[in-house]
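Listed here are the chains, written in short residue letters.
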Amino acid sequence: MPVHPAQLLARWHRLLEHLSLRAYLLLGILGPVVLLVLLNTVSVYREALESADIAYDRTLLASAKAIGEHLQIERDPGDPDGQGTLVTATVPYSALEAFEADNRSRMYFRVSDTQGRMISGFEDLPVWRGQLPERSVYAALVDFYDAEFRGQPVRMAVLLQPVAGSAGIGMATIQVAETLELRHTLARALLLGTLWRQAALIAVIAGVVVWVVQRATRPVRLLSGQLQARGDGDLTPLVADEAPRELQPLIEATNTMMARLAQLLDHQKRFVRDASHQLRTPLAVLKTQVQSARRGDIDPGQALAELEHTVDRATELANQMLALAKVEQLRQQGQAPVLDWEPLVRDVALDLSALIADHGLEFSIETDTALVHAHEWALRELMRNLLHNAIKATPDGSALAVRLRCDARQATLTIADSGPGIPEAQREHLFRPFAAGRSADKLRSGAGLGLAICHDIVQSLGGALVLDNRLDPDGHPSGLDATVRLPLANPLTPDPDTRR
């Protein structure tokens with residue numbers, strides 16, 4: 001069954017897909033070289049044949065001229081007027097032996113007059129019916145062509161030879177044919193010699209290519225060996241200073257990927273460690289409270305209140321830990337979409353308005369339109385944590401201000417409370433998970449994850465979070481400014497009319 005060309009092409013593609021890099025390089029280099037050598041061999045063989053034909057054609061022409069030297073012109077005895085002439089020839093076959101190169105080829109001749117009557121030679125040699133070429137490299141009236149005689153291919157030379165003598169002048173047609181054994185033998189010898197040289201050339205090229213490919217792929221094999229020899233959790237960067245420049249981008253990309261994997265694994269380990277450590281305490285307290293309630297050690301109402309408070313703390317802790325994990329997940333998603341930060345700030349302030357009212361705070365808010373690259377959940381979580389911490393830190397009836405401003409390059413969110421500020425000793429550990437952020441009693445119930453979540457969110461968005469104490473004229477803290485700066489998605493000077 002014939003195979004469609006498309007099927008052959010598909011099979012060829014499947015074969016290439018399963019080749020190794022070394023086999024692919026060898027095939028890609030040696031394939032064109034072999035094809036070029038074959039084309040060159042055919043070209044050299046044809047040129048050799050043409051050169052052999054030219055050389056042996058000259059021999060045929062010399063043979064025809066040698067026969068022409070034996071031609072004579074005599075009066076025709078059959079002409080009653082005695083004016084007629086005819087061409088005669090006495091050419092023994094031995095006269096052609098000098099032009100035979102060996103006994104593998106045979107030569108034949110025929111001499112005819114202009115009317116085609118045979119004068120001498122082989123009578124069954126086909127009579128020339130062609131025409132002389134318009135241009136010839138020979139100084140003679142000669143024509144060369146291929147023919148067949150006695151079932152064998154022959155090369156024929158036809159010479160129109162003028163004959164002059166005392167009896168007059170005439171014209172003879174001399175045909176000399178040679179079999180092609182010697183030409184074929186010479187062609188085969190030339191072909192074999194060419195093939196041997198080309199085969200030796202291909203062998204040398206193949207050896208060089210194999211050596212070069214082995215040397216070129218050695219860094220790849222070394223890198224593969226390094227990776228296979230590593231342990232399951234070894235994500236240290238690859239060291240390949242001797243690798244060629246073409247492999248450096250691959251090595252750098254691999255190291256970058258392993259660095260991201262190491263960061264993800266560290267985050268996962270830290271999350272599991274912190275979760276197991278932090279959730280153990282509220283669960284142990286909850287179990288103790290349940291046992292105490294069952295024994296009747298405390299009033300049922302008080303027991304339920306304590307249980308509710310413990311469950312609330314555990315729920316808040318779990319939510320914050322999930323939020324911290326979600327920040328890392330969003331960090332791996334690449335660039336976030338563009339959204340307006342302003343309505344999110346106002347929405348979160350509105351959500352916490354009841355808590356603000358419970359504390360009787362003097363609340364103020366001023367915002368500009370701010371287009372930033374961020375996820376809506378991240379900005380809401382950032383605003384909710386910072387504002388919630390500020391509400392808890394601000395004494396009842398004091399001032400609390402929220403400002404969102406834009407300049408030519410960035411948007412700046414400032415939440416200014418009237419609390420006690422942050423002690424200097426706590427600044428170094430401020431953004432670490434489960435670190436205490438305030439010293440006030442009303443903040444001791446917190447899990448210590450709020451500022452860590454805010455810091456991770458701001459870092460994932462390419463911004464900065466700064467906490468600065470405001471000082472009164474006496475140099476004492478009069479409040480805390482939590483400032484978040486994020487780069488604008490379209491860094492242009494904002495229109496002053498957009499401020500509210």
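Being a predicted model, the structure only gives us computed values, none of them experimental.

1. Quick notes on the pattern of salt bridges
Opposite charge on two side chains permits pairing when their charged atoms draw close.
Here is step 1 of the chain: Evaluation of the coordinates by the stated rule reveals 10 salt bridges.
Here is step 2 of the chain: Across the pair Asp113 and Arg117 runs a salt bridge whose closest N-O atoms are separated by 2.7 Å.
Here is step 3 of the chain: Taking relative accessible area as the criterion, Asp113 reaches 12% and is therefore assigned buried.
Here is step 4 of the chain: Salt bridges here are not isolated pairs; linked through shared partners, they connect Asp57, Asp146 and Arg155.

2. Focus on the environment of Ile67
Here is step 1 of the chain: With respect to the helices, strands and loops of the structure, Ile67 is situated in helix H2 (residues 21-68).
Here is step 2 of the chain: Judged by its relative accessible area of 1%, Ile67 falls in the buried class.
Here is step 3 of the chain: A sequence separation of 53 residues divides Ile67 from Ser120, and the C-alpha atoms of the two residues are 10.0 Å apart.

3. Quick word on the sheet that holds strand S12 (residues 410-416)
Here is step 1 of the chain: Spatially, five strands are ordered S9-S11-S12-S14-S13 in an open sheet, and the strand pairing comes out mixed. Bordering the open sheet on either side are strand S9 (362-367) and strand S13 (464-471), each of which pairs with just one other strand. Each strand axis lies, on average, 10° off the axis of its neighbour in the sheet, ignoring direction.
Here is step 2 of the chain: Pairing between S13 and strand S14 (residues 477-487): eight bridges, direction antiparallel. Considered in S14, the bridge of Asn469 is made with Leu480.
Here is step 3 of the chain: Of the strands in this sheet, S9, strand S11 (399-406), S12 and S14 are in contact with helix H6 (residues 341-351), which crosses S9 at around 165°.

4. Digging into helix H9 (residues 450-460)
An α-helical segment advances 3.6 residues per turn. Residues three or four places apart therefore align on the same side.
Here is step 1 of the chain: The element H9 is largely enclosed, with a buried count of eight among its 11 residues.
Here is step 2 of the chain: The set of residues buried in H9 consists of Gly450, Leu451, Ala452, Ile453, Cys454, Asp456, Ile457 and Val458.

5. Section: the nonpolar core
Here is step 1 of the chain: Counting residues in each nonpolar core, the largest one holds 42 residues, and the members touching the most others are Trp341, Leu379, Leu386, Leu387 and Val484.
Here is step 2 of the chain: Secondary-structure elements contributing two or more residues to this core are H6, helix H8 (376-393), S11, S12, H9, S13 and S14.
Here is step 3 of the chain: The element best represented in this core is H8, accounting for eight residues.
Here is step 4 of the chain: The residues touching Leu386, leaving out its near neighbours within four places in the chain, are Ile415, Leu451, Cys454, Leu465, Ala482 and Val484.
Here is step 5 of the chain: With 20 residues, the next largest nonpolar core counts Leu60, Ile67, Val87 and Phe144 among its residues.

6. Regarding the packing of H8 against H9
The relative placement of two packed helices comes down to the angle between their axes together with the axis-to-axis distance.
Here is step 1 of the chain: It is at 9 Å that the axes of H8 and H9 come closest, and there the two elements cross at 145°. Crossing geometry of H8 relative to H9 is assigned as left-handed. Here Ala378, Glu381, Leu382, Asn385, Leu386 and Asn389 of H8 come into contact with H9, specifically with Gly450, Leu451, Ile453, Cys454, Ile457 and Val458.

Thresholds applied
- Residues numbered from 1 in each chain as written.
- Predicted model: local features only at pLDDT ≥ 70, side-chain atom pairs only at ≥ 80, totals over all residues.
- Heavy atoms only, no water.
- Salt bridge = Lys/Arg side-chain N within 4 Å of Asp/Glu carboxyl O.
- Buried < 20%, exposed > 50% of the residue type's maximum accessible area, 1.4 Å probe, protein only.
- Helix = DSSP H or I, 4+ residues; strand = E, 2+ residues; numbered from the N terminus.
- Pairing = 2+ DSSP bridges.
- Axes fitted to C-alpha atoms, helices over the stretch in contact; angles between N-to-C directions.
- Contact = heavy atoms within 4.5 Å.
- Core = buried A, V, L, I, M, F, W, Y, C linked by side-chain atoms within 4.5 Å.
- Left-handed = near helix turned anticlockwise from the far one by under 90°.

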